[in-house]
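Each chain is listed here by its residues.
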Amino acid sequence: MEIQERKSGKIYALSSTTSVPEWLGERARRNLAKSDSAFRHRITLLQDLEMPVSSNKVRQSPDGRFLIVGGTYSPRIRCYELSEMSMKFERYLDSEVVDIQILSEDYGKLAILGADRSVSFHAPYGNHSVIRLPTFGRAMAYEKTTCDLLVVSSGKRVSPGAAATGGQAMGEMYRFNLDEGRFSQPYNFTSALRQKKGVDADDTRVLQLGGSCIAVSPTHSLSAIGAEDGTVRFWDNRAPVNSSQSDVDLTPFLNLDVASATAGHGFFDENSNSGFPGEVTSICFDASGINMCAGTKGGNVALYDMRSSKPLFIKEHQYGLPIHTVQFHSGSGTVLSSDPKLVKIWNAKGSASSSRGEWNDNDGGFSDSRDDEGVGGALGSIVANVEGTADFNHFMISGDSNDPEGHNSGLLVCTGEQEKLQSFYCPVLGAAPQWCSFLDNITEELEEKDGALEQSAAGDDTGAVQTETVYEDYKFLTRAEIDTLGIQNLVGTPLLRGYMHGFFIHVGLYNRIRAVAKPFEYKEYRSQKIKERMEEKRASRIAPKTNPQKINAKVNPDLADRLQAKSGAKTKAGKAAKSLVEDDRFGGLFSNPDFEIDQEAEDFKLRNPSGVATSKVRNDRDMDSDQEDDDNDDEGDFDASGFTKISNENEKWGSESDDDDGQNDFHDSDSDEDGFQGGKIRGELYENKRKSSKDKKKKDAKKKKTKKKNKNVMYEADDYVGGGANAIDIGIGNVSADASKRKKEMSLSMAERLQLQSEESKFVGDTKRLKVTGQGSVKEVTFIPKATKKKLEAQEKAKQEAQKDDRVGRSRRGVKSLGFKTPFKHHQ
């Protein structure tokens with residue numbers, strides 16, 4: 001619960017706690033009440049006192065037992081029974097709610113003004129009837145003495161041609177007699193002299209005039225309408241009215257110019273706001289019928305005595321926004337006026353004329369005064385300002401069955417541009433209603449919490465109140481994170497609650513899934529922490545002096561080097577790089593692994609083609625040594641049985657490069673035996689010539705090496721040992737060779753063929769396999785490497801020679817084979 005501290009007292013925001021999600025089950029709510037102190041100590045004024053998007057109007061039944069709220073979207077009304085503190089019913093509408101009037105003592109008869117020029121009448125069983133209005137309605141009131149439903153309209157527009165001939169715009173207030181069930185002759189009024197936007201400066205005719213608000217005095221049958229021209233018009237409903245249009249009683253008997261009285265007051269900004277600042281947007285009578293308040297579009301509230309045409313006081317709202325609701329509170333003698341930002345509570349009665357403030361000679365009234373704040377202070381002094389979490393649309397003071405009008409109540413219910421209706425308890429205005437009397441019982445607990453907040457504000461942490469939210473038990477996951485964890489099968493189940501562009505998952509379930517998906521995450525975390533602590537210990541040691549301007553980048557070192565190099569330049573890019581290096585907000589770019597740039601990503605390569613090419617060249621230079629080793633390995637022959645190196649036909653003996661090199665070597669020879677052609681004269685330029693020739697030889701050798709490295713070497717299978725059919729299928733066999741081999745094997749005797757097979761079986765373990773991929777098929781070829789074959793043949797030959805030399809069946813050993821370091825010596 002939020003406590004707003006004011007000089008006159010405290011204001012308790014009853015709906016300041018975070019709303020609980022609808023998909024949260026009862027069991028989760030009970031568990032939340034055990035763990036979350038803010039949720040456990042919240043105050044639920046009425047169950048489900050909210051709308052899907054926003055709420056427009058709120059009314060209380062004359063018997064004080066029911067609360068009617070209109071909101072959107074979709075358009076609907078909800079009825080709450082205060083004794084049960086819960087919603088009684090909900091009804092959907094065809095259009096948005098503009099105004100609501102309760103025609104009976106309870107919810108049995110309702111009149112709802114819609115935004116589609118309709119007035120719908122509701123009974124306990126549902127929608128009873130609908131009537132259509134000639135123009136759009138803006139406000140509505142019920143006059144009990146004549147049983148008339150009064151609707152203020154936007155007025156009829158006059159064409160420019162009719163206005164040129166002397167016609168003026170006429171405003172109308174429709175009257176629907178509920179006793180007879182028909183429309184009565186409407187009240188009409190003409191416009192005051194006010195220039196309309198879009199009309200010439202010399203023309204004061206108004207093309208359209210409409211009313212904005214309406215109020216009926218609870219004491220006498222006096223109806224008041226606030227119009228767009230800044231004038232309040234009064235009708236006496238007690239006077240008999242004929243059906244004739246020329247009846248004088250259809251026109252107002254009194255006009256009150258509020259726009260002129262409030263001119264020069266307020267903080268209305270014509271540049272940011274449109275419209276006439278003097279337009280009357282709200283009207284209210286007090287319970288005695290003597291005082292009246294009129295709020296304007298410019299954010300001013302004029303307090304009038306019905307016996308005078310001059311305001312007693314003009315209250316200014318500093319926001320300069322339209323006043324949408326004004327209400328008297330007779331129990332405390334205050335006036336509550338509201339604009340979209342706040343509800344201002346100020347004194348309507350002064351103790352003496354000297355305490356009313358400063359007299360203003362221009363308008364003949366008292367201006368705003370800041371002295372003697374609090375209830376019972378000077379006229380117009382501030383009692384409290386009620387601030388909400390969203391813009392206000394309407395408010396009312398809620399009462400009970402003993403005080404339906406709420407004259408002695410301190411409970412304020414506000415509709416606004418949010419889901420929950422905002423409710424405030426103001427003890428300075430009065431006690432809580434009977435149906436929520438528990439608000440008075442918990443005042444002490446609220447005071448204790450407020451004391452804890454004061455201690456925390458003073459710097460004492462022991463009094464701080466820690467608040468938690470229901471969303472702390474849930475983890476929000478995006479679609480990419482769900483794919484990473486591999487829980488796509490949980491989408492659509494109660495375990496994943498869809499919200500905006502992702503899902504909510506319980507923290508306990510998320511931790512278990514994460515432990516399975518990443519089993520070594522804790523070890524990585526532990527090793528990272530150990531590494532950080534070791535680095536902290538090393539930092540305390542005596543370290544060599546380093547350049548303080550150099551960035552110690554653990555992540556993205558290349559980017560750090562580039563920025564460091566650019567930061568010294570005085571160009572625009574250099575200044576940007578310097579600001580990026582020196583700004584601590586970007587420190588994580590070089591220390592946090594989450595910000596590491598993936599240079600292998602496709603987006604990075606497309607955005608930084610020059611950087612990719614530079615890094616490729618640098619990597620090629622680093623790999624020069626490895627490439628030289630690979631070149632040396634490639635120079636060796638492919639020692640495999642069944643494959644022959646294919647010589648390039650283009651390569652011929654005595655190529656141009658070789659001839660050139662030979663000529664250079666021949667001409668550069670400085671031997672004395674070279675003869676006349678190779679002879680050279682050893683003069684002054686001999687040493688320079690010899691040095692240049694050596695450099696040229698090195699360059700040519702390097703060129704040959706590069707050319708040889710880039711040259712492709714091809715091999716072909718000449719004699720496939722395995723099945724000839726498979727060799728022919730993959731394109732490396734020869735039909736005639738296979739036939740001749742088979743013919744040769746058939747000419748051998750059985751013993752010779754067995755011996756041949758036994759010799760081939762010796763190499764079975766050393767046989768290599770090679771996969772050859774063709775069009776639509778993959779074949780496997782086996783071959784015997786020559787190195788293996790030569791090795792086995794050499795071992796066999798050595799064995800045979802050893803058997804020949806062994807006379808007794810074993811080889812003779814000498815003294816050296818015994819491994820002694822020195823030969824035996826005869827000791828004398």
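Please refer to the structure higher up on the page.
Scoring rules and cut-offs
Residues numbered from 1 in each chain as written. Predicted model: local features only at pLDDT ≥ 70, side-chain atom pairs only at ≥ 80, totals over all residues. Heavy atoms only, no water. Helix = DSSP H or I, 4+ residues; strand = E, 2+ residues; numbered from the N terminus. Polar contact = N/O pair within 3.5 Å; in protein donor to acceptor, adjacent residues only side chain to side chain. Salt bridge = Lys/Arg side-chain N within 4 Å of Asp/Glu carboxyl O. Buried < 20%, exposed > 50% of the residue type's maximum accessible area, 1.4 Å probe, protein only. Arc of directions from axis to C-beta. Pairing = 2+ DSSP bridges. Contact = heavy atoms within 4.5 Å. Axes fitted to C-alpha atoms, helices over the stretch in contact; angles between N-to-C directions. Phe/Tyr/Trp six-rings, centres within 6.5 Å; stacked < 30°, edge-to-face > 60°. Lys NZ or Arg CZ within 6 Å of the ring centre and 35° of its normal.

Trainee: Sorry if this is basic, but what is going on with the side chain of Ser338 here?
Mentor: Residue position: Ser338 is located in strand β24 (residues 334-338). Here the side chain of Ser338 touches Leu342 through a polar contact of 3.4 Å, landing on its backbone oxygen.

Trainee: Is there a simple way to think about the pattern of salt bridges in this case?
Mentor: Oppositely charged side chains are able to pair whenever their charged atoms sit close together. Counted according to the given criterion, the structure contains 15 salt bridges. Close ionic contact of Asp63 with Arg65 constitutes a salt bridge, the shortest N to O distance being 3.8 Å. Arg65 gets classed as partly exposed once you look at its relative accessible area, which sits at 43%. As a salt-bridge pair, Lys529 and Glu532 come within 3.9 Å of each other at their nearest N and O atoms. Here the residue Lys529 and the residue Glu532 both occupy positions in helix α9 (residues 521-539), the gap between them amounting to 3 residues, near one helical turn. One network of salt bridges, with partners in common, ties together Arg76, Arg78 and Glu90.

Trainee: What exactly am I supposed to notice about helix α10 (residues 557-566) here?
Mentor: For α10, the full list of buried residues reads Leu559, Ala560 and Leu563. Down the axis of α10, the sector holding all buried residues measures 100°, keeping them to one side.

Trainee: Explain the pairing of strand β17 (residues 231-236) here, please?
Mentor: Counted residue by residue, β17 has 5 buried out of 6 residues, so it is predominantly covered. By the bridge criterion, 5 bridges tie strand β16 (residues 222-227) to β17 in an arrangement that is antiparallel. From the neighbouring strand, Leu222 faces β17, where its bridge partner is Asp236. From the end of β16 to the start of β17, which pair antiparallel, there are 3 residues, and Gly230 there has a positive phi angle of about 80°. When β17 meets strand β18 (residues 254-257), the two strands line up antiparallel, connected through 4 bridges. Residue pairing across strands places Arg233 opposite Asn255, the latter belonging to β18.

Trainee: Help me understand the side chain of Ser61 in this model?
Mentor: If you trace the backbone, Ser61 turns up in the loop between β3 (54-60) and β4 (66-72). Polar contacts involving the side chain of Ser61 include one to the main-chain amide nitrogen of Arg65, which spans 3.4 Å. With near-sequence residues (within four places) excluded, Ser61 lies in contact with Phe66, Ile102, Glu105, Asp106 and Pro404.

Trainee: What's the story with the sheet that holds strand β32 (residues 474-478) in this structure? I'm lost.
Mentor: Strands pair in a sheet through their backbones, by hydrogen bonds, and they do so in one of two ways: parallel or antiparallel. Across the sheet, 3 strands lie side by side as β32-β34-β33; this open sheet has antiparallel pairing. Pairing within the sheet leaves two strands with one partner each, and these edge strands are β32 and β33 (497-499). Looking at each pair of strands side by side, their axes are set apart by 35° on average, direction ignored. Against the sheet, helix α8 (residues 507-517) contacts β32 and β34 (502-506), and its axis sits at roughly 95° relative to β34.

Trainee: Would you mind showing me how to read unusual backbone geometry here?
Mentor: With the exception of glycine, most residues fall at negative phi, and the peptide bonds are largely trans. Omega for the peptide link from Thr72 to Tyr73 comes to 0°, which places this bond in the cis form. In this structure, Ser74 follows Tyr73 across a cis peptide bond, with omega equal to 10°. Its location among the elements puts Ser74 in the loop between β4 and β5 (76-81). Of note, Arg117 is a non-glycine position whose phi angle comes to about 65°, a positive value. As for its position among the elements, Arg117 is in the loop between β8 (110-114) and β9 (118-123).

Trainee: Just to check I follow, could you spell out the sheet that holds β9 for this structure?
Mentor: Ordered in space as β7-β8-β9-β10, the 4 strands form an open sheet in which the pairing is antiparallel. Of all the strands in the sheet, the pair left with one neighbour each is β7 (97-102) and β10 (126-132). For this sheet, the mean inter-axis angle between neighbouring strands, taken without regard to orientation, is 20°. Of the strand pairs in this sheet, β7 and β8 are connected by 5 bridges, and their pairing is antiparallel. Its bridge partner being in β8, Ile102 is matched across the sheet by Leu110.

Trainee: Please clarify how the pairing of strand β1 (residues 2-5) should be interpreted in this entry.
Mentor: Successive side chains on a regular strand alternate, one facing one side of the sheet and the next facing the other. In this sheet, strand β2 (residues 10-13) lies alongside β1 in antiparallel orientation, the contact comprising 4 bridges. Bridge pairing in β2 places Glu5 opposite Lys10. What sits between the antiparallel neighbours β1 and β2 is a turn of 4 residues, in which Gly9 has the positive phi angle 160°.

Trainee: Help me out: how do you make sense of the environment of Ser95 in this one?
Mentor: Considering the arrangement of structural elements, one finds Ser95 in the loop between β6 (86-92) and β7. By relative accessible area, which is 13% here, Ser95 ends up buried. Considered as a pair, Ser95 and Leu113 are 18 residues apart in the sequence and their alpha carbons are 9.1 Å apart. Residues contacting Ser95, with those up to four places away along its chain left out, are Pro75, Gly114, Ala115, Asp116 and Ser118. Polar side-chain contacts of Ser95 include one of 3.0 Å to the side chain of Asp116.

Trainee: Could you clarify how one ought to interpret the packing of aromatic side chains in this entry?
Mentor: Two aromatic rings are characterised by how far apart their centres lie and by the angle between their planes. Under the criterion given, the structure shown has 10 aromatic pairs. Considering the side-chain rings of Phe476 and Phe504, the 5.6 Å spacing of their centres and the 70° angle between planes classify their relative orientation as edge-to-face. Linking Phe476 in strand β32 with Phe504 in strand β34, this pair joins segments that are 28 residues apart in sequence. Judged by relative accessible area, Phe476 falls into the partly exposed class, the value being 26%. Joined through ring pairs, the aromatic side chains of Phe66, Phe89 and Tyr107 make up one cluster. Geometry around Tyr187 places Arg175 over its ring, the cationic atom sitting 4.6 Å from the centre.

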